[in-house]
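Residue-level listing of the chains:
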Amino acid sequence: MSNRRGMTLLLVLMMGAFIGISAMLLFSTANMETMIAGNIRRINQAKISAASGLNHFTALGLTYGTLRERSGDLQTLQVLPRTRLSNKTSYEVKVHFSPDLNEGRYIVESIGYYTKGDKILASHPIKALFEGGQ
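Rules and cut-offs
Residues numbered from 1 in each chain as written. Predicted model: local features only at pLDDT ≥ 70, side-chain atom pairs only at ≥ 80, totals over all residues. Heavy atoms only, no water. Core = buried A, V, L, I, M, F, W, Y, C linked by side-chain atoms within 4.5 Å. Buried < 20%, exposed > 50% of the residue type's maximum accessible area, 1.4 Å probe, protein only. Helix = DSSP H or I, 4+ residues; strand = E, 2+ residues; numbered from the N terminus. Contact = heavy atoms within 4.5 Å. Pairing = 2+ DSSP bridges. Phe/Tyr/Trp six-rings, centres within 6.5 Å; stacked < 30°, edge-to-face > 60°. Lys NZ or Arg CZ within 6 Å of the ring centre and 35° of its normal. Patch = residues over 30% accessible without salt bridge, like charges linked within 9 Å, V, L, I, M, F, W, Y side chains within 5 Å. Areas by Shrake-Rupley, 256 points an atom, 1.4 Å probe, with all protein chains shown as cover. Salt bridge = Lys/Arg side-chain N within 4 Å of Asp/Glu carboxyl O. Axes fitted to C-alpha atoms, helices over the stretch in contact; angles between N-to-C directions.

A. Structural context of the nonpolar core. In this structure, Phe57, Leu67, Val79, Val95, Tyr106, Val108 and Phe130 are the most contacted members of the largest nonpolar core, which totals 16 residues. Looking at this core, the elements that each hand over two or more residues are helix H1 (2–60), helix H2 (64–71), strand S1 (76–84), strand S2 (89–96), strand S3 (105–116) and strand S4 (119–131). Setting aside its immediate chain neighbours within four residues, Phe57 contacts Leu62, Leu67, Val79, Leu80, Val93, Val95, Tyr106, Val108 and Phe130.

In structure tokens:
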């Protein structure tokens, strides 16, 4: 009879350990999913900021000649310095001239940022090829 009681105690302890481990794994998985969702949200905010920078540049209507004149002999010209969209998102826009591109063509790079204080948590660049009067 006492042998059965020992087995029952052992079985209850094993089930308790199994339930405890399962609860810890569930919590760990839920916490990891929350962190991943937060990272994806920050990256998407940086992408949206970069797209806003590209749209801002397009709205300026600067021509190739104007950009070339402003850049002088430089291959890269910062057209828009860091511009805030909100307290956490911003963008900056640069124009790159390359000897590999035909005359009148240039690359516009918009970099979107998601920040917390002075720390950049996510950034995302978008590059687009522009031609002529754009």
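B. View of the pairing of S1. As judged from the 6 bridges shared by S1 and S2, these two strands associate in the antiparallel manner. Looking at S2, one finds that Leu77 is bridged to Val95. Count of turn residues in the S1/S2 antiparallel hairpin: 4 residues.

C. Focus on the pairing of S4. Relative to S4, S3 runs antiparallel, the two sharing 12 bridges. Across the sheet, the residue bridging to Tyr113 is Ser123, located in S4. If you look at the hairpin formed by S3 and S4, you'll find 2 residues sitting between the two strands, and Gly117 has a positive phi there, around 70°.

D. Summary view of the packing of aromatic side chains. Taken as a whole and assessed by the stated rule, the structure comprises 5 aromatic pairs. Ring-pair connections join several aromatic residues into one group, and the members of that group are Phe57, Tyr64, Phe97, Tyr106 and Phe130. Taking NZ or CZ as reference, Arg82 lies 3.9 Å from the ring centre of Tyr113, over its face.

E. Structural view of a nonpolar patch on the surface. A cluster of nonpolar side chains, contributed by Met32, Met35, Ile36 and Ile40, occupies part of the molecular surface with about 360 Å² of accessible area. We classify Met32 as partly exposed; its relative accessible area is 42%.

F. Spotlight on the side chain of Ser90. Relative to the helices and strands, Ser90 resides in strand S2. Filtering out sequence-adjacent residues up to four positions away, Ser90 remains in contact with Ser49, Arg82, Thr83, Arg84, Leu85, Ile111, Gly112 and Tyr113.

G. Representation of the environment of Leu77 within the structure. Assignment of secondary structure puts Leu77 in strand S1. C-alpha separation for the pair Leu77 and Val108, spaced 31 residues apart in sequence, amounts to 9.6 Å. Beyond its immediate stretch of four places on either side in the chain, Leu77 contacts Leu67, Arg70, Ser71, Val93, Lys94 and Val95.

H. Just the sheet that holds S1, in detail. The strand order across the open sheet built from 4 strands is S1-S2-S3-S4, with neighbouring strands paired in antiparallel fashion. Of all strands in the sheet, those with a lone pairing partner are S1 and S4, marking the two edges. Recorded for the sheet is a direction-independent mean angle of 15° between the axes of neighbouring strands. Relative to S3, S2 runs antiparallel, the two being bridged by 8 bridges. Among the inter-strand pairings, Lys94 is bridged to a residue of S3, identified as Glu109. H2 rests against S1, S2 and S3 of the sheet, and its axis sits at about 95° to S1.

I. Summary view of the pattern of salt bridges. For the structure shown, the criterion picks out 1 salt bridge. With its nearest N and O atoms 3.5 Å apart, the salt bridge here joins Arg105 to Glu131. You can see Arg105 sitting in strand S3 and its partner Glu131 sitting in strand S4, a full 26 residues away along the chain. Judged by its relative accessible area of 28%, Arg105 is partly exposed.

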